[in-house]
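Each chain, letter by letter, is given below.
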Amino acid sequence: MPEGPNGRTFYQRVVNATPGGKSLAQCLQCGSCGGSCPSGPDMEHTPRQLFAMIMAGMEDEVLSSNTPWHCVSCYYCTVRCPQQIPITDLMYTLKQMAIARGKYRESGHVDFSSSFIGMVERFGRSFELGLATRYHLTHNPLKMVSKGSLGLQMMLKGRLSPLPESIRNMPQLTAILTEAKRIAAQQEV
Ligand code: SF4
Ligand code: SF4
């Protein structure tokens, strides 16, 4: 099997970068994950297929797959997996790796993810109006017209905040995120 940095295989790097990732070796290929996934129809590979490809060392194919980018982190697959494999966390690892290697093809997903993380780092929570506005202005300005009236209706009904609101203990969250980044920097993806 081809080896990457530090002589570790792709499979070993994915497992090492994912909390609880060692259980991936116990995958039964039962398909419960794909059968539970609401994003399945949009995915090029089901989670089960992706895991078989990881084990086969198909690094380029896995990191180029759109599957992790269509994962909406609902954790449904993780709850249903008979082997308690952290499927959702594995999807995050694959996204990180795809970004690090420049393998992703759908930059819209990466921009959306970066904007979301930026808002969480700044306010401690998502700011839907800012997130949607920034994303659509960059990637689909025409959609702003149809989305604009929907956003206005939501604001009038108090379902959408016109301004970002910070959580109370922002310094505590900042400390947690800083530590998480420090740990992530030590991991080889
Ligand atoms: S549900 Fe779990 S054991 Fe079954 S294919 Fe998916 S990851 Fe593997
Ligand atoms: S967490 Fe992701 S992969 Fe799992 S069921 Fe939800 S969308 Fe699908």
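Up top you'll find the structure we're talking about.
Just so we're clear, the structure is a prediction, and the values are computed from it rather than from any experiment. Just so you know, the residues in each chain are numbered from 1, in the order the chain's sequence is written. By the order in which they are written, chains take letters starting at A while ligands take numbers starting at 1. Per-residue local features of the predicted model are confined to residues with pLDDT of at least 70, and side-chain atom pairs are confined, for both listing and counting, to 80 or more; whole-chain, interface and lining totals are unaffected and use all residues. Values shown for side chains rest on all heavy atoms present in the structure; no hydrogens or waters enter the calculation.

1. Let's talk about the overall build of the protein
Consideration 1: Only DSSP runs of H or I reaching four residues or more are called helices, and only runs of E reaching two or more are called strands; each is numbered from the N terminus. Across its full length, the protein carries eleven helices and zero strands.
Consideration 2: When contacts within the protein are restricted to residue pairs at least 6 apart in sequence, long-range pairs at least 24 apart make up 65% of them.
Consideration 3: Carbon and sulfur atoms make up 56% of the accessible area of the protein, which totals about 11,200 Å². Contacts are assigned to residue pairs that have any heavy atoms within 4.5 Å of one another. What sets the accessible areas is the Shrake-Rupley method with a 1.4 Å probe; for residues, cover comes only from the shown protein chains.

2. Let's talk about the site of ligand 1
Consideration 1: Being near a molecule or strand, for a residue, means having at least one of its heavy atoms within 4 Å of it. What surrounds ligand 1 is a group of 14 residues, the closest being Cys27, Cys30, Gly31, Cys33 and Cys81.
Consideration 2: Residue assignment for the shell around ligand 1 shows that the elements contributing at least two residues are helix H2 (32-36) and helix H3 (47-55).
Consideration 3: Classification convention: Asp, Glu, Lys, Arg as charged; Ala, Val, Leu, Ile, Met, Phe, Trp, Tyr, Cys, Pro as nonpolar; all other residues, Gly among them, as polar. Across the shell around ligand 1, the residue classes tally to nine nonpolar, four polar and one charged.

3. Comments concerning the nonpolar core
One recurring pattern in soluble globular proteins is that nonpolar side chains are buried together.
Consideration 1: Of all hydrophobic cores here, the largest spans 26 residues; its most connected members are Phe10, Val14, Leu24, Ile54, Val62, Ile87 and Leu94.
Consideration 2: Put simply, the parts of the chain that give this core at least two residues each are helix H1 (10-16), H3, helix H4 (59-64) and helix H7 (87-101).
Consideration 3: With six residues, the single largest contributor to this core is H7.
Consideration 4: Not counting residues up to four positions away in its chain, the partners in contact with Val14 are Ile54, Leu90, Thr93, Leu94 and Met97. We call a set of buried Ala, Val, Leu, Ile, Met, Phe, Trp, Tyr and Cys residues a nonpolar core when their side-chain atoms join them within 4.5 Å. Three exposure classes are used, based on accessible area relative to the maximum for each residue type with a 1.4 Å probe and protein chains only: buried under 20%, partly exposed in between, and exposed over 50%.

4. Things to note about the site of ligand 2
Consideration 1: In the neighbourhood of ligand 2, the contacting residues comprise Cys37, Pro38, Cys71, Val72, Ser73, Cys74, Tyr75, Cys77 and Thr88.
Consideration 2: In terms of residue class, the shell around ligand 2 is built from seven nonpolar, two polar and no charged.

5. Thoughts on the environment of Thr88
Consideration 1: Note on placement: Thr88 falls in helix H7.
Consideration 2: Residues Thr88 and Cys77 lie eleven residues apart in sequence; the distance between their C-alpha atoms is 7.5 Å.
Consideration 3: Contacts of Thr88, omitting those with residues within four sequence positions, involve Cys71, Ser73, Tyr75, Cys77 and Thr78.

6. Thoughts on H7
Consideration 1: Given a helix with a known number of residues, its expected span is that number minus one, times 1.5 Å. Given a rise of 1.5 Å per residue, 15 residues ought to cover 21 Å, and the 21 Å separating the end C-alpha atoms of H7 matches this to within 8%.
Consideration 2: Within the sequence span of H7, burial applies to Ile87, Thr88, Leu90, Met91, Thr93, Leu94, Lys95, Met97 and Ala98.
Consideration 3: Check the buried side of H7 and you find it contacts H1, H2, H3, H4, helix H5 (67-70) and helix H6 (76-80).

7. Considerations on the environment of Pro82
Consideration 1: The topology assignment puts Pro82 in the loop between H6 and H7.
Consideration 2: Between the alpha carbons of Pro82 and Gln26 there is a distance of 9.7 Å; along the sequence they are 56 residues apart.

8. Observations regarding the packing of aromatic side chains
Consideration 1: When two rings of Phe, Tyr or Trp (its six-membered ring) have centres within 6.5 Å they constitute a pair, described as stacked for plane angles under 30 degrees, edge-to-face for angles over 60, and tilted for the intermediate range. Tallying each qualifying case throughout the model produces zero aromatic pairs.
Consideration 2: In our convention, an over-ring charge means Lys NZ or Arg CZ found within 6 Å of a ring centre and within 35 degrees of that ring's normal. Residue placement shows Arg80 over the ring face of Tyr76; its charged tip is 5.9 Å from the ring centre.
Consideration 3: Lying over the aromatic face of Tyr92, Lys95 brings its terminal NZ or CZ to 4.9 Å of the ring centre.

Interpretation in functional terms is not warranted from these geometric data alone.
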